[in-house]
Amino acid sequence: MNQNRSLLGNERVTAYLQIAVGCLLGAISYPMFLVPNAIAPGGLTGIATILNYIFEAPVGLTSLLMNIPLFVVGYRTMGRVFAFRSLVATVVFSLMIDLVPVPAVTRDPFLACVFGGVLLGVGLGMILRAGATTGGSDMVARMVHARFQHISIGAFLFFIDFCVVLAAGFFIQGEYALYAMVSIFVTTKLIDVVMEGFTKQKACYIISTAYEKVKAELMDKLQRGVTVLRAVGGYSGEDRPILLCIVSAQEVGQLK
């Protein structure tokens, strides 16, 4: 029992440290790259960036004020732990955008959308890995999906980001809407990298009458474990052993 409590405590400490680092990295992407170049990378913070361009409203505080009613309405659609961690991440992330004293690094919008997207993607990826989110459009998407099951969370997030990009093109400049699209793409890819890691693995299914020989070659040459699955041919009704081997993307060519 004590060991389980210790493990749970370590997991919580690790999760909140990851949330803190993720919030810092994601937050500084705004004053360093995105806000000075009027790049609105989707979601509520993208809306806050547009409002900053029009009214000079602080991005972090504006984003936090928009998130509060969403948390009040949407906390029931989330688990207790996820909701609390997300609330912490949202507050810390929003405050850090305004309070962390970092200067603008570049006034080149292309460099800003790429490197801002990288920092934001790494930060958001770390927050998601820790079992939290920064609220905003994620929360809205979850609430809509809970009410209308036929609308996927991904589809609704894309719709929100698309609307924010259109608004950026209308209120700021069409060219900056294109930069925002590049930033969203980079951010999404970096989130995937942080969530899944750099090493992509492939599950390879091999059907062969000489499966014993193939299995021995895979285990000897690739030094990989092999699982033998029992299957039946749909036409012949005969047993067809299938070999399952998990390899890295770089080893697929060698396996073939």
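The structure presented is a predicted model; accordingly, all values stated were derived computationally and were not measured.

J.: Outline the sheet that holds strand 1 (residues 201–207), supporting the account with residue identities and numerical values.
T.: Judged by pairing direction, the sheet is antiparallel, and its three strands sit side by side in the order 1-3-2 without closing on themselves. Both edges of this open sheet fall to strand 1 and strand 2 (227–229), since each of them pairs with a single strand only. Here the strands of the sheet are splayed against their neighbours by 30° on average, with no regard to which way each runs. The sheet contact formed by strand 2 and strand 3 (residues 242–248) spans three bridges and is antiparallel. Bridge pairing in strand 3 places T227 opposite L244. Against the sheet, helix 9 (residues 211–222) engages strand 1, strand 2 and strand 3, with an angle of about 20° to strand 3.

J.: Could you give an account of helix 8 (residues 174–196), with specific residues and numbers?
T.: Its 23 residues place the ends of helix 8 34 Å apart at the C-alpha level, agreeing with the 33 Å of an ideal helix rising 1.5 Å per residue. Of the positions making up helix 8, those classed as buried are A177, Y179, A180, S183, I184, V186, T187, L190, I191 and V194. Trailing helix 8 by a residue or two, G197 shows a phi angle of about 90°, which is positive.

J.: I'd love a proper account of unusual backbone geometry, names of residues and values included.
T.: With a phi angle near 55°, A38 is a residue other than glycine that sits in the positive phi range. With respect to the helices and strands, A38 occurs in the loop between helix 1 (2–34) and helix 2 (43–55). Its identity as a non-glycine residue notwithstanding, E56 has a phi of 60°, on the positive side. In this structure, E56 sits in the loop between helix 2 and helix 3 (59–74).

The rules we used
- Within every chain, residues take consecutive numbers counted from 1 along the sequence as written.
- In keeping with the predicted nature of the model, local features appear solely for residues at pLDDT of at least 70, side-chain atom pairs appear and are counted solely at 80 or more, and the whole-chain, interface and lining totals rest on all residues.
- Note that the side-chain values use all heavy atoms of the structure and ignore hydrogens as well as water.
- Each pair of strands is called paired provided DSSP finds at least two bridges between the two strands.
- What counts as a helix is a DSSP run of H or I of at least four residues, what counts as a strand is a run of E of at least two, and both are numbered from the N terminus.
- Each axis is a line fitted through C-alpha atoms, taken for helices only over the stretch in contact, and angles between the N-to-C directions span 0 to 180 degrees.
- Whether two residues are in contact is decided by their heavy atoms, any of which lying within 4.5 Å being enough.
- One less than the residue count of a helix, multiplied by 1.5 Å, gives the span that helix is expected to have.
- Relative accessibility under 20% of the residue-type maximum defines a buried residue, over 50% an exposed one, and the middle range a partly exposed one, all with a 1.4 Å probe and only protein chains included.

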